[in-house]
Amino acid sequence: MSANPNDKIVHTYDDIQEEDNHLPNWWLFILFSTIVFGFGYWLVFHTTKSLPDPRTEYNAEVDALKKARLAANPMSDEAILAAAQDPAQVEEGKKVFASTCVSCHLADGQGLVGPNLTDKFWIHGNKPTDIAKSVTEGYADKGMPPWGQILGPEKVRKVSAYVMTLKNKNVPGKEPQGVELE
Ligand code: HEC
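Residues numbered from 1 in each chain as written. Predicted model: local features only at pLDDT ≥ 70, side-chain atom pairs only at ≥ 80, totals over all residues. Heavy atoms only, no water.

Engineer: How should I be thinking about the overall build of the protein in this particular structure?
Structural biologist: Scanning the protein for helices and strands turns up 7 helices and 4 strands. For the protein, the succession of helices and strands along the chain, N to C, is β-β-α-α-α-α-α-β-α-α-β. Against the 2.2 N^0.38 benchmark of 16 Å for 182 residues, the protein shows a C-alpha radius of gyration of 33 Å, more extended than a compact globule. Dimensions of the protein, computed from the C-alpha atoms along their principal axes, are close to 110 × 45 × 25 Å. Per-residue burial for the protein yields a buried fraction of 27% across its 182 residues. Summed over its atoms, the accessible surface of the protein is roughly 12900 Å², and 60% of this surface lies on carbon and sulfur atoms. In the protein, 18 positive and 24 negative side-chain charges are present, and the distance between their average locations comes to 15 Å. (Helix = DSSP H or I, 4+ residues; strand = E, 2+ residues; numbered from the N terminus. Rg over C-alpha atoms; globule rule 2.2 N^0.38 Å. Buried < 20%, exposed > 50% of the residue type's maximum accessible area, 1.4 Å probe, protein only. Areas by Shrake-Rupley, 256 points an atom, 1.4 Å probe, with all protein chains shown as cover. Lys, Arg positive; Asp, Glu negative; His and termini not counted. Charge placed at Lys NZ, Arg CZ, Asp CG, Glu CD.)

Okay, here's the thing in structure tokens:
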């Protein structure tokens, strides 16, 4: 019997003829390749864990990048914020504050000669780098000495980190000065 093209037609409905053809080989190749790849991936990354999975690698890279940035610029917003979240550095900052700053800002930072550091009002900005700048350069004409030379960058960072922890504690003290900031 000669091959009749109509042999392939398995279903006709409303003049639409449905054939039962083989899936093309290229299509099957992609299908089976993805299955093999998926199985290999599952085996390597999830079952034997013989290679670190991408998420672990990504987190390690982000951590390394953060450390490199901190090392490159110990006075950045990031570096000071990181210090403000590290109890050991905050504690050292507190000691610097107690020995160097309380005479003018008082023990809880509520202000006397210098402004209240616990309210929402700031004359020179309240970003970590603003505070580090105030501490480093001071405002000699207004009675705030420059501490950069005396303390050095390490202590300036730690005392700035400590000041960050005083922010918005709203200890009653010297009246608000400057502009209200978040
Ligand atoms: C001799 C007094 C004195 C000492 C000591 C002192 N300050 Fe000040 N501080 C001031 C005065 C006065 C101002 C306000 C400057 C102005 O009006 O511009 C000020 C301002 C500041 C500001 C900016 C506040 C704002 O509203 O923007 C910060 C932050 C600050 N001091 C932190 C410190 C830290 C930290 C220390 C210790 C390392 C310190 N100060 C030591 C007198 C002092």
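Engineer: What is the right way to look at the coordination of the iron atom of the ligand in this model?
Structural biologist: Reference geometry at the metal: tetrahedral coordination by four donors gives ideal angles of 109.5 degrees; octahedral coordination by six donors gives 90 or 180 degrees. Only H105 (NE2) and M144 (SD) from the protein coordinate the iron atom of the ligand, and they sit 2.0 to 2.1 Å from it. Note that the iron atom of the ligand binds 6 donor atoms; their angles at the metal cover 84 to 180°, and the shape is octahedral. Within this pair, whereas H105 is found in helix α5 (residues 102-105), its partner M144 is found in the loop between α6 (128-137) and α7 (148-166), the two being separated by 39 residues in sequence. In this pair, the class of H105 matches that of M144, namely buried. (Donors = N, O, S within 2.8 Å, 3.2 Å for Na, K, Ca; no water. Tetrahedral: all angles 85-135°; square planar, octahedral: opposite > 155°, others 65-115°.)

Engineer: Just checking my understanding: could you explain the nonpolar core for this structure?
Structural biologist: Nonpolar side chains in soluble globular proteins tend to end up buried together. Residues F97, I131, V135, L151, V159 and V163 are the most contacted members of the largest nonpolar core, which totals 23 residues. Elements with a minimum of two residues in this core: α3 (77-84), α4 (87-100), α6 and α7. (Core = buried A, V, L, I, M, F, W, Y, C linked by side-chain atoms within 4.5 Å.)

Engineer: What's the story with the packing of aromatic side chains in this structure? I'm lost.
Structural biologist: In this description, an aromatic ring pair is defined by two values, namely the gap between the centres and the angle between the planes. Scanning the model with the defined rule gives 4 aromatic pairs in all. Ring centres of F37 and Y41 lie 6.0 Å apart, and the angle between their planes is 40°; this geometry places the pair in the tilted category. With F37 and Y41 both in helix α1 (residues 25-47) and 4 residues apart, this pair spans about one turn of that helix. F37 sits in the exposed class, given a relative accessible area of 59%. For Y41, a relative accessible area of 31% gives the class partly exposed. Judged by centre distance (5.6 Å) and plane angle (40°), the rings of F39 and W42 are tilted. Linking F39 with W42, this pair stays in helix α1, spanning 3 residues, or about one helical turn. Residue classification places W42 among the partly exposed positions, given a relative accessible area of 44%. Taken together through their ring pairs, the aromatic side chains of F37, Y41 and F45 make up a single cluster. (Phe/Tyr/Trp six-rings, centres within 6.5 Å; stacked < 30°, edge-to-face > 60°.)

Engineer: Would you mind going over the packing of α3 against α6 with me for this structure?
Structural biologist: For any two helices packed against each other, the geometry comes down to the angle between their axes and how far apart the axes lie. Put simply, α3 and α6 touch, their axes get as near as 8 Å, and they point 90° apart. Taken as axis vectors, α3 and α6 run roughly perpendicular relative to one another. For the pair α3 and α6, contact is made by D77, I80 and L81 and by P128, T129 and A132, respectively. Classifying every residue of the contact of α3 with α6 gives 4 nonpolar, 1 polar and 1 charged. (Axes fitted to C-alpha atoms, helices over the stretch in contact; angles between N-to-C directions. Parallel < 35°, antiparallel > 145°, perpendicular 65-115°, else oblique. Contact = heavy atoms within 4.5 Å. Nonpolar A, V, L, I, M, F, W, Y, C, P; charged D, E, K, R; others polar.)

Engineer: Can you help me understand the packing of α4 against α7 in this one?
Structural biologist: Running from amino to carboxyl end, α4 crosses α7 at an angle of 95°, the nearest separation of the two axes being 7 Å. In terms of their interaxial angle, α4 and α7 are classed as roughly perpendicular. On α7, the residues that touch Q89, V90, E92, G93, K94, V96, F97 and T100 of α4 are L151, K155, R157, K158, V159, Y162, V163, T165 and L166. Grouping the constituent residues of the contact of α4 with α7 by class yields 8 nonpolar, 4 polar and 5 charged.

Purely spatial values, then, with no claim about function.
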